[in-house]
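# Structure at a glance
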Amino acid sequence: MDINEGTTTDDLWTPFKELVAVVEGYLAHESRGAPYAVHTFESVLRRHKQTFLSLFKYPAKNPASREEIKRGITEGVNLPSLGRTLLSKELVDEAIIISDMYNVNEYLALELLHTAQRQSPRHPGLPRGLVAILLLYDGRQALVQALKELVMARDGVCWSINAREEIVNYVSRYVEQLVGDGLEGSVLDALRRYSLEAELQLLQANRALPPHRHHVRLVATIHHTRKLLAGVVFAASAQRGLNRDILLRLLSEQTTSPSLGPTGALDEVSLALQMALLYALDLSVLHGREDGEELAKKLPLIQNPELISVLIDELLPAQVPQTGGVVQPATDGGGGSGARALCQLALGLALAALRRGPHSLQRRPDLLDRGDDLVDAAVAAKVFEYLDEAILSTDFVSKEEYYQRRIHTLITDFIVLMHSKLIEMRVKADEAARAVQMYAAEGLAPPAAAAQPRTHLDALLRCVERLYAADPRRLRDDYWLACGHHPPHHQPHHALRAGGRAATLYKFVRLSGELVSARLLPAYLRALASLAVPRHTWALLARRDALSAHHLLAALARYYSNLRADPAPFSDHLHSSSLGASAIITPAARPGKLLVRQEEVEAMIAALKLIAAVAREDEAACANICENLQWDAVNNMFGLICCHIPLQLKAQLCVTLAALGATAATAGRVWAALDHARLVSAANDKRALYAELQEVECRLEEYPLSRAFLTLLVSLAAAAPVPRALGAGGRAPGLDPYLHYVLERLALPAPHRPHARPHERWQVLSLCFSLFARWLDQYEPSEADFPPMGRDPDMNPPPGFRILMQLHTKSELLRLLLTSLDEAQDLLDKQPQPGREYVEQSLVSVLHILERGLALERAFVDAAAAAGRAVILVGLSKLILAPEGPDDSDRLVTCCKVLRHTATQGAAAARAVALLSRALQPPAAARHLLASVTRRHSLAADMRHAFVECLEAEEWAQGEEGAAIREAKEGVVALLLQVLPTAPPNLAHFLLGYQITEDVSRSALHEAGAAGSPRTCLHAALDLLDAHLAQAPAHRSARHPPAHSEADALVESCYRLVYSLVSRPVTSAPALRLLRARDYFLARHVKAVVNLDTASVVTVSARSWVVRACACEAGAAAAARHHAALSALLTALTHTAHHPTQEWEWCLIRRTLESLPVSVEPATEPRWELFHTHQLRTAIASCDLPTGAGGKRISVSRLHAVLARELAALHATAPQRTLVAHEIQKVLDYVTEVNKQRNLAATITHYYDSWRQLTEILFCVAPEDILNLESRKNLLLNILQDLLNKIPPAEVLPQLGNLASGTVLLLLVNLRHCYILQKRESNMNSTDFETTFFGPSNQIMQTKSLTLKFILHKILSWILVSGGSTQKMRVNLYGALLNYLNIVNLRASPAEPEEEVNSTYVSRLDSSKARPSKEESTLKSMVIDVISSFGDNLCSIVCSDCINAGHDVCRMVALSCLDTLIEINPRTEWMNTLTNQGYLRSLIDSLLQDDEGLKETLEPNPKSLRVLYVYESKMALLMKIAGSRAGAETVVAQGALACLATMRALAAHPDTLAPHHAHPQHQFLPSVAARFRQIIVPALALCDALLTTLGTDNHSCLVHVTHLLLAHLECVDMVLRAAHPDSPVELLTEVEALTSVVSRASDRHVVGGAEPPAAAGLLRLQALMLALLARFTHPPAAPARDSLYYKIVCNLIMYARNVMDCEGSRVVVRAALAGGEPAAAPSCGHLVRLVQLLLQRLQLLDKLLATLHHQLHAVATMTLDDMRKLVTEQATEEDSEGAENGDLSVSAAETWSAADTRSRCVRLLSRRGRARRAAMQRCRLALEAALQLLWAHLHVYLRLTAAPQPVGAPDDAVCVGTAWRGVGGDDLPELRKGLVAVFNERFTDQLIETSKNQPAAYRDFVEVLVKDIKSMIQFSSL
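Notes on the structure in this doc start here.

Analysis parameters
Residues numbered from 1 in each chain as written. Predicted model: local features only at pLDDT ≥ 70, side-chain atom pairs only at ≥ 80, totals over all residues. Heavy atoms only, no water. Helix = DSSP H or I, 4+ residues; strand = E, 2+ residues; numbered from the N terminus. Buried < 20%, exposed > 50% of the residue type's maximum accessible area, 1.4 Å probe, protein only. Contact = heavy atoms within 4.5 Å. Areas by Shrake-Rupley, 256 points an atom, 1.4 Å probe, with all protein chains shown as cover. Phe/Tyr/Trp six-rings, centres within 6.5 Å; stacked < 30°, edge-to-face > 60°. Axes fitted to C-alpha atoms, helices over the stretch in contact; angles between N-to-C directions. Parallel < 35°, antiparallel > 145°, perpendicular 65-115°, else oblique. Left-handed = near helix turned anticlockwise from the far one by under 90°. Nonpolar A, V, L, I, M, F, W, Y, C, P; charged D, E, K, R; others polar. Salt bridge = Lys/Arg side-chain N within 4 Å of Asp/Glu carboxyl O. Expected span 1.5 Å × (residues − 1). Polar contact = N/O pair within 3.5 Å; in protein donor to acceptor, adjacent residues only side chain to side chain. Core = buried A, V, L, I, M, F, W, Y, C linked by side-chain atoms within 4.5 Å.

Once that is clear, we can look at the overall build of the chain. The helix and strand inventory of the chain stands at 89 helices and 4 strands. By residue count, 54% of the 1918 residues in the chain fall in the buried class. Considering only residue pairs separated by 6 or more positions, the chain has 76% of its internal contacts joining residues 24 or more positions apart. Of the roughly 82,900 Å² that the chain leaves accessible, carbon and sulfur atoms contribute 53%.

So, in structure tokens, the structure goes:
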């Protein structure tokens, strides 16, 4: 919920949950983000004030309300949450039942039921009524939780919260008002009424008890609520004390009826209340804090002086003397007297502290002396016994920090303030001990008073022992401050200021043991063991006194030596079979000095505890104890275990040895001593431990020695690796005896042995399983571990091998593990029982063993196969799937059930998830689990919700428990990511809520509860991400965003899960619909600004997945036309609230790039002192393993194993080995830093890749109505500038450089596309549009011009420094440069409107002569200047990339860039560089090198076409160079045409007679004919360019072109012979290019001067061309060929004109008017028909063009249907002509809007008009050329009377004389007659009409030709 919102639903749950959220938000989480509004907090608390004062009291039931809701069944009722609605009878009945149960108003009960209905998905399987009951109790808990938070936030004495001062002040005032209004009494009343028994009885009476599992949680909720109620009183007391009435009431209740737990100690509620009493009577703040005096003034004991008097009167009855004497204890019962004594002690110590405090606080000095009386009364009332038995006997105190601190203060205050009383207790204890000793010496039984087992001092020492036995806060350090002990975590405000206090405490530790009596010795040693600290405790024991370590260990050694000397010290009838501590030995039964008493046994046990404690705290002391040969402690202890001594002593010896062997330095010595002692044996003999187990422990049904021995083995296994050579010499080395004993003697029989305490069975199993897990963790499978064939092995394999063998076969161990897994899970579902922690430990260990077994399965099986032994391994992955039990469910289902307990059993849940991840790696296992889970609907819902509960578990615990819960959550998300890619439907789809019974992609994902949808893992993950997002403030500054809360691995995994869902086609659509329904989830989350420069790696990775998911959302929304979703995403990314008019200035998509680091500092390699650098680097490289993401990561564990083996093989002294060990750690630290830097680099690259995808997709799919062209252009320019400014080319990460260069390329492509679209919308010509688009009209546009200059400069700089980069980066950079140059070059596009081209005849012939306009020169000069500023270096790099043997794509793009650069600046100096440095010559020579590759491309199935595309790029550059005269001359001079003439690929034309099949255009591989066309057409185009630039008068060029044609004459012959007007378009394209070159190269002087072989070839070529002219007098059948037809006709007519004699006497067509055969020589009849045909085509085109103009003008008035029809008709027409129009079908047109249809219609008609005008121009040109050729021949035949002899062949050309004579002389008259019929008035008018709209020169030319032809026909003499 929004923390500033109020309650929206008035029921018994929602307001309280919202209240606790608000309170925690303001008090606990307020410092994480922007400050909340205080007035909102105040309004919420004011609304709930009465609720706090009347806890659990609701508006009472009302008969009127009951009648109204009953009428609601038929009439309906008004509910605040639903409005007017009808009620069902079941709902009304349930509301009345709840109203009667809890005496609440019926409407409240009704609202609660409605809330329960909405919350049902969180409680699957429960009916609505039971959910309402659970919500009611949960609401009560939330209410009390909020109240406790408020009371704890009150300004007080003990603690302070991290919140704003104004919040704390208001809360303090608010709580003061509540306390003044009787809050504490209300809480105590509620606590009295709200009992577990009463609530369960109420539920049972109304049949409202939930099922078993929910019943357990309900009981836990009630318990927790009661604890919270007591915690409210405790918090109020600890902060400000309690007022008189509450204090006396609480004292009375706790002294009369305290609640006790099952063990007889106080339960948590009474403990909290008695702790409240202790804090209410506490004045230790006076000496515990610097500001103690000021704080004490806030306490009632100081504020109300009469309160002390009242308390003294209450605690000390009148008849008790005030001072002196013996105070008699009260006789009102044990628990009550204990609480009274505790209060007496607390008040007495408070008065003693006040007596030593400032005089200003001593308002009743007469009462201060009563403190001694109170303490005396307390001691006499056995206060320390009560403290020990009722309070410290449970673990509640150690779990609550301020409980333990208060008791610590109580004890230390007693030691310091009541030192005389302590001395008195010491004296009395000594006297009692001496009296007992004297009676014992006389052989008499001591009297009852003297025989008390415990004295007051003994009880005090016992309290010290228990208080500090579990001391996570290191409070025991206060006892050692006097000797200079300053712990690292010692808090200054809890430090003991007075040096005298510290000295007194240390004196208590040091002097208590001096001259201590034997009776007090065990208690003192146990207390000292609890107070042990590093260094100082060992220093205390190192003294040579009666209680030194030397004395204790020497006594132990003497005891062992005496036992060895007399192996049977006990008489058989008194101590047979080691009866142990239960045997009481009297002096008369002591035959000698060897027999020990019970007190001595206890003293030895206490001494061993002290030694163990010192060993655990101080490693140096541990090593000293083990290595001291005088003591020989380890061997002596193992020797004692083998002797007949009490069982408890043996167990403590094992525990002590476990502590001594817990370090790597001492573990080897302990292992050796253990094996030497022979405590276990593989043989079945009853010796040592096995004898004790069978004869003693089983009879006693207690197993302390077995547990201690297991503890020893666990400690040794954890301290150091398993010693392989252990036991060498006496037996086969290895740990087989110990494994056999643990497995066969302890683990397997444990479930069947009798146990006095049932939980001890689980205690033994937990230790066994923990040991197995340790051994498995240390084992790596090896083929050497398998036993050899036919003989015993020389060395036993590690224990991990034996355990793995048991796991992968149907063994008893596996059965025990799986059975224990089921039983432990069942016990977790039940009420907590004693020993529950051992069940939990066993469960964790079992899951760990199974997970490790699965992890090693593959390696183990491979090792077995490599060893070649006859070993049968079934495999744990199969065995664990075996169904067992009444419901035939496998153990994976049990693992899923464990997840239900994540909130309380985080470690078990984490292990269960890890096991599931391992087991479900095979897809078959995942399918098996899905089938098992979905077999029953109830089980399916339960298992799904188990995963949901795991993800939603609250991480309330700190330390390991909280980390385990987080690990379990991360494991669940990782499991979903693991299973999600498998074939649908899979387990992940089921857990995420997809439908698995049908097509997954058609699933409908809803919010939980909507349409009956359950709550799924997807809902939990999304809620978790929303909660993470809510931690950041909603309002941020655009340029200075606050630090967003750091993401963790769980948040990162959830974002990755979201991306995985939206990126997969199967899951994308349902997931995106759900995300959009959640208020556009991705758009909201991508707006969360993160400072990437300072963010953690996990945070950057999380943001990366968000951005990548947004990219998927953008693509999907655009494809599905979800306008709203795409608009929301674009608004989040490109809009800024602070700049609404210029949103691109500081939008999110730019901000996310700004703070991204682009380089990572490499880890500095240290200087190695002991390792050889090269060898170490080799070892590190061998451990460099690939990761799943494509990177590499050094395996630290593998490297550590390698270095450890080197260290083990090193023969060196101990100091040298220590130095090597330090160097190894240094290596591992360095490798860890390397991995960290690699991870950072990979994460940065991944984030940039995500940003790149999002940016590129947005610009590709964003429609104009969401992102208009102007905003798109500005955004593109700014992002390009940011990106190029951000990326330092020389320092950027290589992977990041590749991605960034690709982004620059695509952004420039989009900028160019934006330019084209914006130009299409404008009506300006190119010059004016460029001025508007780029500047420099005003300052903003001038800035854009500077931006363009900056972009170009950065790209060129990047190209310069990218020489050593990847080819991909260079391809991207050249592509970006090419797109940039194409934008600047303003190259014409078919999409652009027609405009006048600023060119002249000279500039078209020689591009270097072109003069750019003023506007063009400004922009282009900028480009030229920038390029020129880089000098020849840039030119050399580009030219080198054009010809070097780099990637073919890189060469192609470099060639294209060079092509465009020459086009922009034909006069560039780069031409000189190309020529002078040999680049051009190398480029031309490379054509010959490509010849063989080009021939290979003409094979039916070529290997590659790269050489073909590179060839085309080279030819394009040569053509561009040939565009200037100097360049053309250079190309000819460098031998380009000669090179082409020698290429054999140009002569390899495919067969033109083969049947032509239409090659599908969508296929990647073109046909062979198309590939050859890609070779020959560029060659012919180069010839055409050279002829254009140099002119036909350049003899050298003509000779080279003619040589090229003749060199490939067979190819030319094949093409020209096969051509006809209806040939395929592809062939006509070749014909057009070929005829263009032939016609322009047909010079009479070249032909005349040719050598005989060449002359014959030229004559052959002439015959082919003239024959082709005759064939092309027929029109093509398809309109698509018209354009090529007109071009070919023009070329053929040009060739005929060039062949004709310059005087006009040479003719190329015959005089006959009849056509004859098409293959025959052309005649005048062919020319006449050609003229007629072209005239008809021209007239038709004119009519079509007029129709298009009419339609274009009528578009504005057309209806939508007419426009759609017109578009589809025109598209169909163009499709028939071979044009590409995409999807313009009728169905597609119906989806267009009116504006879109009109725009398409205008574009289509404009394009069609341009095509018609171009066709008319070509047709008119062909008509003109044909008319001129006809005129020339008629001039010869009809006008000239004499002619020279023909120079051509008789069939090809005829002279005038021959024409006159003809065949019988009839051709010319027939010609004239035919021409008279053709050239009539109508025909001539039509010819003249074609030029009416043309320039005057054209009109005059046509008129002259027509009139001259008519005159020749009319006035001919024939």
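Quick look at the packing of aromatic side chains now. The final tally for this structure, using the stated rule, is 26 aromatic pairs. When the centroid spacing of 6.0 Å and the interplanar angle of 80 degrees are considered together, the rings of Tyr-102 and Tyr-137 count as edge-to-face. One end of the pair, Tyr-102, is in helix 5 (residues 89–102); the other, Tyr-137, is in helix 7 (residues 128–152), and 35 residues separate them in sequence. Ring centres of Tyr-479 and Phe-508 lie 6.4 Å apart, and the angle between their planes is 40 degrees; this geometry places the pair in the tilted category. Pair noted here: Tyr-479 is in the loop between helix 25 (456–469) and helix 26 (499–511) and Phe-508 is in helix 26, with a separation of 29 residues, a long-range link.

For the rest of this paragraph, the subject is the environment of Asp-1613. Inspection of the secondary structure puts Asp-1613 in helix 77 (residues 1609–1618). Residue Asp-1613 is classed as buried on the basis of its relative accessible area, which comes to 8%. Taking C-alpha positions, Asp-1613 is 9.6 Å from Met-1665, a pair spaced 52 residues apart along the chain. Sequence-distant contacts of Asp-1613, that is, excluding residues within four places in its chain, are made with Arg-1660 and Leu-1664.

One can find Leu-1129 in helix 55 (residues 1123–1134). Along the primary structure Leu-1129 and Tyr-1080 are separated by 49 residues, whereas in three dimensions their C-alpha atoms are 8.0 Å apart. Those residues in contact with Leu-1129 that sit more than four places away from it in its chain are Ala-1083, Val-1086, Cys-1110, Glu-1113 and Ala-1114.

Axis separation between helix 9 (residues 183–193) and helix 11 (residues 212–240) bottoms out at 10 Å; the angle between their running directions is 155 degrees. Viewed along their axes, helix 9 and helix 11 adopt a mutual orientation that is roughly antiparallel. The two elements helix 9 and helix 11 cross, and the hand of that crossing is left-handed. Residue-level contacts link Glu-184, Val-187, Leu-188, Ala-190 and Leu-191 of helix 9 to Arg-226, Leu-229, Ala-230, Val-232, Val-233 and Ala-236 of helix 11. Tallied by class, the residues present in the contact of helix 9 with helix 11 amount to 9 nonpolar, no polar and 2 charged.

Moving on: the environment of Leu-1692. Structurally, Leu-1692 is set in helix 81 (residues 1682–1699). Given the relative accessible area of 2%, Leu-1692 is considered buried. Considering only alpha carbons, one finds Leu-1692 and Ser-1636, 56 residues apart in sequence, at a separation of 8.1 Å. Apart from residues lying up to four places away in sequence, Leu-1692 is in contact with Thr-1635, Met-1665, Leu-1668, Leu-1669 and Phe-1672.

Scanning the model with the defined rule gives 90 salt bridges in all. For the salt bridge of Glu-75 with Arg-71, the shortest nitrogen-to-oxygen distance reads 4.0 Å. Here Glu-176 and Arg-154 are joined by a salt bridge, their closest N and O atoms 2.7 Å apart. Here Glu-176, found in helix 8 (residues 165–180), pairs with Arg-154, found in the loop between helix 7 and helix 8; they are 22 residues apart in sequence, far enough to count as distant. When its relative accessible area of 5% is taken as the criterion, Arg-154 is described as buried. Through salt bridges that share partners, Arg-122, Glu-952, Glu-1007, Arg-1015, Asp-1023, Asp-1026, Arg-1078, Asp-1079 and Arg-1084 make up one connected network.

Between the first and last C-alpha of helix 6 (residues 106–119) there are 20 Å, a value that for 14 residues agrees with the 20 Å anticipated at 1.5 Å per step. Across the 14 residues of helix 6, 11 count as buried, placing the element largely inside the fold. Tucked into the core, helix 6 has its buried residues touching helix 1 (14–27), helix 4 (63–71), strand 1 (77–79), helix 5 and helix 7. Near the N-terminus of helix 6, the side chain that reaches the backbone nitrogen of Tyr-107, with its oxygen 2.8 Å away, is that of Asn-105.

Okay, the nonpolar core next. One recurring pattern in soluble globular proteins is that nonpolar side chains are buried together. Grouped together as the largest cluster of nonpolar side chains are 596 residues, with contacts concentrated most on Ile-391, Phe-414, Phe-638, Phe-772 and Leu-1540. In terms of nonpolar packing, the next biggest core, distinct from the first, is built from 16 residues, Leu-1176, Ala-1179, Leu-1203 and Leu-1228 among them.

A separate point is the packing of helix 75 (residues 1568–1590) against helix 76 (residues 1595–1607). Helix-helix packing: each pair is described by the crossing angle between the helix axes and the interaxial distance. Helix 76 packs onto helix 75 with a crossing angle of 165 degrees between their chain directions and a minimal axis gap of 10 Å. The angle between the axes of helix 75 and helix 76 places the two elements in the roughly antiparallel class. With respect to the hand of their crossing, helix 75 and helix 76 are arranged in left-handed fashion. Contacts between helix 75 and helix 76 involve Cys-1583, Leu-1586, Leu-1587 and Leu-1590 from the first element and Cys-1597, Leu-1598, Val-1601 and Leu-1604 from the second. By residue class, the composition of the contact of helix 75 with helix 76 is 8 nonpolar, no polar and no charged.

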